[in-house]
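Survey of secondary and tertiary structure
Take a look at the letters that make up each chain.
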Amino acid sequence: MKLLDNFKSWLSGLFRPGKRVRNIALGAAGILTIVALTAYAIYIPKIPTLHELRTLNRSSAITFLSWKGDVIGSRGGRHTKALPLDEMPEHLKNAFLVTEDKRFYNHGGVDLRGIARALFVNVTSGGVVQGGSTITQQLAKNIFFTHDRTLTRKVKEVFTAWRLENRLTKDEILELYLNRIYLGGGAYGVEAASQTFFDKSAREITIAEAAMLAGLAKAPSRYAPTTSMDRAQERSMVVIRLLRENDMITQEDFDELARDPAMLADSLVSSEINYFLDFASWQVAEIVGDVGVDLVVQTTLDPTLQTKAESALKTHMDQLPEESNAGQAAMVSLATDGAVRAMIGGRNYAQSQFNRAVQAYRQPGSSFKPFVYLTAMKKGMRPDTVYEDRPVKIGDWSPENYTGSYRGAVTITSAMENSLNTVAVRVLSDVGVTDVIETAQQLGFTGEFSKDLTLALGSCEVTLLELTAAYVPFATSGLKMSPYVIQRVETNDGLILHDRTAPDAERVFDQSVASDMNFMMYQVMQSGTGRRANLGARPSAGKTGTSQEWRDAWFLGYTGDLVTGVWVGNDDNTPMNRITGGGLPALIWKDYMSSAHEGWAIAQLPGAYGMTQQVSYNQMQGYFLQLQRKFSEVQRTSARGKRRNRVWSIFN
């Protein structure tokens, strides 16, 4: 009550005669002071202990492991155990101090001189060139606030910086800052960033590497060496010049650093594994949601196969002549239980994070034909069933074969082997569009299907992962195995949140049907459109696909161990220069699969054998017709001989 009475007395005195102007000014200042102190007490966060500050409001991190348990990457915030300040090299601390807050040890949390200098530079340059925030202010923002550029947030940041300075020592503040600052690549703190970019502890980094890390603080995404090494090195030279200007390095050091800037660790140059890590992080979110703690996730990825896949794709795509107009490619490789062993979503992750293996919906072309023939096999047709390969017209649509020629009566094995469009359309007409769509959906396709005969030529849209997974039952004698990338999810403390158990395999067609399909697609690899992908003594089967105007080129194939799909095309859907599924994609597939199977025992594929080993009813019928003709010829020859003998005897 006394405090309230004093306040009322002070307020009434503001309006005494002769003191109005001065008192109003003093009153306004007093009110502002009270408001500021109230805001300080109510809205400015209280500072917890140093131990609590190390993890307070920290973003959750996911550490990904390979199928064998080795670390392959991370998503979210990548954090490490806090690195003590006295274990950090002096040149690392100096690089951040000289770049972010040169007067750090001489101000109380807010550097008025620095603010004035930044304001002058920004006004004279006509833009925002320098910031006035101290390291303490940046720490306050990173721990307690969002990065919204509002006056309210800036005021709170200033007051919180003062509180931090009153609660902690300068060294404690600097240590916290260096262990929590975001430096790109999902890495928080200098230790995590050093391991991310240089594959070493921050204790061991060089001056050049320290300068590159300090340069990232300004704009981690723009200056990240994984995105643009040129920009990262240019920015690091700014830091190196500041070190020299402040006598923190010698002129000899400066000259050497200018000649030999920092580089990424060799093991980190390839970034295409990030397509898989992105997809895996989406799957984790679907499986366990946002649990707010750091996670360790065991995936299905095989780093050896991933490297071989990247090598095969890069080798062939880099050798393409410019006139081929093939700009992008993707690959997925599955174990026969559906585990994703390798995934490439594009040619360069740093340039485009769009994952063409799982996000792009494209027309599969003739690689969809196996599902038409599969439906026919399920209805009782056989590989030796004969159809007429001749022109066909449905309304205004007249599908033609790729070669423009026709073969007359052929088996559907020959039609598959040579990818004859007219036969596929006739088979689809006979078995029914609805039944083929039902077969496709049973195998895992989720998109919309055209409900007309164009479906025989792949007029639907699918993802590469969907299409590859749909080929798995051919390799497993008719068992559907859904694709998956997550095996196990647990917290850093060992609490298991998800542990995948193998689901019961779903039989989608009989073993005899699988054998017939393998026989047909084996011929594709032996002497048909996919012969350039032939693996020699190792049994394999597959199918080529090329969409209209060469917009998409596919090769889908499998052995008894792996099922792999390759797509080549352009993001803008422009046509390529006569790139077909039996060309570039088949070559990429063969190089990868040959390398992937090195040292593996040969797994058999039921039904995967040559034409000479299967004698069809039609072949037997033809054989006996030929025998009949031969017997007829012999009989005629014998009859003519007898007549000649009778004539000869008359003259004798």
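Because the structure is a prediction, the values reported are computed rather than measured. (Residues numbered from 1 in each chain as written. Predicted model: local features only at pLDDT ≥ 70, side-chain atom pairs only at ≥ 80, totals over all residues. Heavy atoms only, no water.)

Strand order across the open sheet formed by 5 strands is 5-4-14-13-12, with antiparallel pairing between neighbours. Two strands in the sheet have a free side with no partner beyond their single neighbour: strand 5 (340-344) and strand 12 (541-546). Between one strand and the next, the sheet's axes are offset by a mean angle of 5°, whatever the strand orientation. The pairing of strand 4 (residues 328-335) with strand 5 spans 4 bridges and is classified as antiparallel. Paired with Ser-333 across the bridge in strand 5 is Ala-342. Helix 22 (residues 511-527) rests against strand 12 and strand 13 (552-558) of the sheet, and its axis sits at about 65° to strand 12. (Pairing = 2+ DSSP bridges. Helix = DSSP H or I, 4+ residues; strand = E, 2+ residues; numbered from the N terminus. Axes fitted to C-alpha atoms, helices over the stretch in contact; angles between N-to-C directions. Contact = heavy atoms within 4.5 Å.)

Using the criterion set out here, one finds 19 aromatic pairs in the structure. Relative to Phe-509, the ring of Phe-474 lies with its centre 5.8 Å away and its plane at 35°, an arrangement referred to as tilted. Pair noted here: Phe-474 is in helix 21 (residues 472-475) and Phe-509 is in the loop between strand 11 (506-507) and helix 22, with a separation of 35 residues, a long-range link. The exposure class assigned to Phe-474 is buried, which follows from its relative accessible area of 0%. Connected via pairs of aromatic rings, a cluster forms that spans Phe-368, Phe-371, Phe-445, Phe-449, Tyr-471, Phe-474, Phe-509 and Tyr-558. If you follow Lys-170 out to its NZ or CZ, it ends over the ring of Phe-104, 4.4 Å from the centre. (Phe/Tyr/Trp six-rings, centres within 6.5 Å; stacked < 30°, edge-to-face > 60°. Buried < 20%, exposed > 50% of the residue type's maximum accessible area, 1.4 Å probe, protein only. Lys NZ or Arg CZ within 6 Å of the ring centre and 35° of its normal.)

Here we come to helix 18 (residues 421-431). In terms of residue burial, helix 18 counts as a mostly covered element, since 9 of its 11 residues are buried. Buried residues of helix 18: Asn-421, Thr-422, Val-423, Ala-424, Val-425, Arg-426, Val-427, Leu-428 and Val-431, and no others. At the exit of helix 18 stands Gly-432, carrying a positive phi of roughly 100°.

Together, Val-291, Val-293, Leu-495 and Leu-497 line one region of the surface with nonpolar side chains, adding up to about 290 Å² of accessible area. Structurally, Leu-495 can be placed in the loop between strand 9 (486-491) and strand 10 (496-499). A relative accessible area of 53% means that Leu-495 is categorised as exposed. (Patch = residues over 30% accessible without salt bridge, like charges linked within 9 Å, V, L, I, M, F, W, Y side chains within 5 Å. Areas by Shrake-Rupley, 256 points an atom, 1.4 Å probe, with all protein chains shown as cover. Salt bridge = Lys/Arg side-chain N within 4 Å of Asp/Glu carboxyl O.)

So, about the side chain of Asp-552. Mapped onto the elements of the fold, Asp-552 is located in strand 13. A residue is classified by how much of its surface remains accessible, and Asp-552, at 3% relative accessible area, is buried. Not counting chain neighbours up to four residues away, the residues in contact with Asp-552 comprise Arg-362, Gln-363, Gly-545, Thr-546, Ser-547, Trp-567, Val-568, Asn-573 and Met-576.

Note that side chains of opposite charge can pair when their charged atoms are close. Under the defined criterion, the tally for this structure stands at 14 salt bridges. One salt bridge connects Arg-203 with Glu-87, and the closest N-O pair in it is separated by 2.7 Å. With a gap of 116 residues between them, Arg-203 in the loop between helix 9 (190-198) and helix 10 (207-216) and Glu-87 in the loop between strand 2 (71-76) and helix 4 (90-100) connect regions that are remote in the sequence. Residue classification places Glu-87 among the partly exposed residues on the basis of a relative accessible area of 35%. Residues Arg-347 and Asp-318 are paired through a salt bridge, measuring 3.2 Å at the closest nitrogen-oxygen approach. Placement of Arg-347 in the loop between strand 5 and helix 16 (369-378) and of Asp-318 in helix 15 (residues 303-318) is noted, with a sequence separation of 29 residues between them. Judged by relative accessible area, which is 31%, Arg-347 ranks as partly exposed. A network of salt bridges, in which partner residues are shared, links Lys-314, Asp-318 and Arg-347.

With that settled, consider unusual backbone geometry. The backbone phi angle of Asp-247 is positive, close to 55°, even though this residue is not glycine. If you trace the backbone, Asp-247 turns up in the loop between helix 12 (229-245) and helix 13 (251-259).

Okay, the nonpolar core next. Counting 82 residues, the largest nonpolar core has Phe-368, Tyr-373 and Met-517 as the members making the most contacts within it. When residues of this core are assigned to their parent elements, the largest contribution, 8 residues, is made by helix 22. Apart from residues no more than four positions distant in its own chain, Tyr-373 is found in contact with Ile-412, Ala-415, Met-416, Leu-420, Val-423, Ala-424, Val-427, Met-517 and Met-520. Membership of the second largest hydrophobic core comes to 52 residues, among which are Leu-168, Ala-202, Ile-205 and Met-229. (Core = buried A, V, L, I, M, F, W, Y, C linked by side-chain atoms within 4.5 Å.)

Attention shifts here to helix 10. In terms of residue burial, helix 10 counts as a mostly covered element, since 9 of its 10 residues are buried. Of the positions making up helix 10, those classed as buried are Ala-208, Glu-209, Ala-210, Ala-211, Met-212, Leu-213, Ala-214, Gly-215 and Leu-216. On its buried side, helix 10 packs onto helix 4, helix 9, helix 11 (220-223), helix 12 and helix 13.

This paragraph deals with the packing of helix 16 against helix 19 (residues 433-442). Close contact between helix 16 and helix 19 brings their axes to 9 Å; oriented N to C, the two are set at 105°. Classified by the angle between their axes, helix 16 and helix 19 sit roughly perpendicular to one another. Within the contact between the two elements, helix 16 uses Phe-371, Val-372, Leu-374, Thr-375 and Lys-378 and helix 19 uses Asp-435, Val-436, Thr-439 and Gln-442. When grouped by side-chain class, the residues that make up the contact of helix 16 with helix 19 number 4 nonpolar, 3 polar and 2 charged. (Parallel < 35°, antiparallel > 145°, perpendicular 65-115°, else oblique. Nonpolar A, V, L, I, M, F, W, Y, C, P; charged D, E, K, R; others polar.)

Residues of the protein chain with pLDDT of at least 70 account for 79%, and the chain-wide mean is 85. Scored below 50 in pLDDT, residues 613-617 makes 7 contacts in the model with residues more than four places away or belonging to other chains. (pLDDT = per-residue confidence, 0-100.)

Look at helix 9 against helix 10: their axes get within 11 Å of each other, and the N-to-C directions meet at 115°. Overall, the two elements helix 9 and helix 10 adopt an arrangement that is roughly perpendicular. Classified by chirality, the crossing of helix 10 by helix 9 is right-handed. Only Glu-209, Met-212, Leu-213 and Leu-216 of helix 10 make contact with helix 9, whose side of the interface consists of Val-190, Ala-193, Ser-194, Phe-197 and Phe-198. Here the contact of helix 9 with helix 10 is built from residues that sort into 7 nonpolar, 1 polar and 1 charged. (Left-handed = near helix turned anticlockwise from the far one by under 90°.)

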